[in-house]
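What the coordinates show
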Amino acid sequence: MQDKKILTIQDISCVGQCSLTVALPILSASGIETAILPSAVLSTHTGGFTGYTFRDLTDDMPKIEDHWNREGIRFDAVYTGYLGSTRQIGFVKSIIDSTLSDGAFTVIDPAMADNGKLYYGFDDAFVQEMRTLAGKADYLLPNITEACFLTGKEYRQEIDTAYVADLLERLSRITPGTVILTGVSYRPDTTGVVVYKAGDIKYYEHKKIAEGCHGTGDVYASAFTGALFRGKTPFEAARIAADYVVQCIENTQRYENHWYGVKFEEVLPRLIEMLK
Ligand code: PXL
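Residues numbered from 1 in each chain as written. Predicted model: local features only at pLDDT ≥ 70, side-chain atom pairs only at ≥ 80, totals over all residues. Heavy atoms only, no water.

Here the focus is the site of the ligand. Close contacts around the ligand come from Asp11, Ser13, Cys18, Ser19, Leu42, His45, Thr46, Tyr82, Tyr119, His214 and Asp218, and that covers them all. A distance of 2.8 Å separates a nitrogen atom of the ligand from a polar atom in the side chain of Asp11. Considered on its own, the ligand offers 320 Å² of accessible surface; in the complex 96% of this is hidden by protein. Each residue belonging to the shell around the ligand can be placed in one class, and the counts come to four nonpolar, five polar and two charged. (Near = heavy atom within 4 Å. Polar contact = N/O pair within 3.5 Å; in protein donor to acceptor, adjacent residues only side chain to side chain. Areas by Shrake-Rupley, 256 points an atom, 1.4 Å probe, with all protein chains shown as cover. Nonpolar A, V, L, I, M, F, W, Y, C, P; charged D, E, K, R; others polar.)

Put into structure tokens, the structure is as follows:
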């Protein structure tokens, strides 16, 4: 069980190109052995489908953790995404505490909100627990909406550098880690990502192709985590993930009305190329 591997904890949305159906192929393509812990199983994701099923796997988590500990299973990184319940976040923190190798890193994507709103099913208690999980992040990857929920700052669609600087300062009070803030758009035709650590702000700006494509956050976080695990610096990983997402969205636009996810699969060879 010595070989280096990553654990990713997020839901299985059976249909919908998000969470584990995105993270696993992207991490595998990045050349990384990947273990998964599904937080819940849904028939589809919650963004645009109605009547989906939801099987919460919270109760399985402590048993899975116990078994891994009995087997001496350890991970060299953990990447968390969409989680199934408020109570589950406590188990996720325990898994982080008990199963990481020395020198392992944590990537926390507080996947819970976008466009100024929480995803269906999440509430203030969930946000508060997520804030404590953010306290365990070496790398915290919120979008602007999630950053606002985590810090209690008012969400605005039109933002400037002073607004973002304040948001980053507030985030630095809840996480010791590097913040990778996504969806930072100062102009109509561009967007970008900020990498922030201890007062140092680096910005990577790139073209904005479409507003709010579903699943891009998961594609971004997975590609970022893969690049980091492969030894890229946080800023290089942030740039590679951004370039990959742009290419994925461009590829999606070749399809008519592919509204529920991004066509990331055909672009995986480009990601592999960027990781060389
Ligand atoms: O992409 C984030 C995500 C993950 N998992 C589920 C979701 C969403 C966003 O809506 O509904 C189940």
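On we go.
Time to look at the sheet that holds strand β1 (residues 6-15). Spatial ordering of the open sheet is given by β3-β2-β1-β4-β5-β8-β9-β10-β11, a layout of nine strands whose pairing is mixed. The strands lining the two open edges of the sheet, one partner per strand, are β3 (54-56) and β11 (200-207). Pairing analysis gives two bridges linking strand β5 (residues 100-108) to strand β8 (residues 139-140), with the strands arranged parallel. Across the sheet, residue Val107 finds its bridge partner in β8, namely Tyr139. Across the sheet, helix α1 (residues 20-29) lies against β1, β2 (34-44) and β4 (75-80), angled at about 135° from β1, the strand it touches most. (Pairing = 2+ DSSP bridges. Helix = DSSP H or I, 4+ residues; strand = E, 2+ residues; numbered from the N terminus. Contact = heavy atoms within 4.5 Å. Axes fitted to C-alpha atoms, helices over the stretch in contact; angles between N-to-C directions.)

Attention now goes to the pattern of salt bridges. One pass over the full model with this rule turns up 12 salt bridges. Linking Arg170 and Asp166 is a salt bridge whose minimum nitrogen-to-oxygen distance equals 2.9 Å. One end of the pair, Arg170, and the other, Asp166, are both in helix α6 (residues 161-172), four residues apart, so they sit about a helical turn from each other. The exposure class of Asp166 is partly exposed, given its relative accessible area of 24%. With a closest N to O distance of 3.0 Å, Lys202 and Asp200 form a salt bridge. Beyond isolated ion pairs, a larger network of salt bridges with shared partners links Lys153, Asp166 and Arg170. (Salt bridge = Lys/Arg side-chain N within 4 Å of Asp/Glu carboxyl O. Buried < 20%, exposed > 50% of the residue type's maximum accessible area, 1.4 Å probe, protein only.)

Now for α1. Within the span of α1, buried status applies to Leu20, Val22, Ala23, Ile26 and Leu27. The arc enclosing the buried residues of α1, seen along the axis, measures out at 160°, which places them on a common side. Packed against the buried residues of α1 are β1, β2, β4, α7 (216-229), α8 (234-252) and α9 (268-274). Downstream of α1 by a residue or two, Gly31 has a phi angle that is positive, lying close to 85°. (Arc of directions from axis to C-beta.)

In this structure, Tyr163 sits in helix α6. Those residues in contact with Tyr163 that lie beyond four places of it in its chain are Ile144, Cys148, Lys153, Glu154, Tyr155 and Arg156.

Our next topic: the packing of aromatic side chains. Within the structure shown, the criterion is met by 11 aromatic pairs. With 6.1 Å between their ring centres and 50° between their planes, Phe49 and Tyr260 make a pair best called tilted. Taken together, the residues Phe49 in the loop between β2 and β3 and Tyr260 in the loop between α8 and α9 connect sequence positions 211 residues apart. Residue class for Tyr260 comes out partly exposed when judged on its relative accessible area of 25%. With a centroid separation of 5.2 Å and an interplanar angle of 70°, the aromatic rings of Trp68 and Phe75 are classed as edge-to-face. We classify Trp68 as buried; its relative accessible area is 12%. An aromatic cluster of three or more residues is present, and its members are Phe105, Tyr139, Phe224 and Phe229. (Phe/Tyr/Trp six-rings, centres within 6.5 Å; stacked < 30°, edge-to-face > 60°.)

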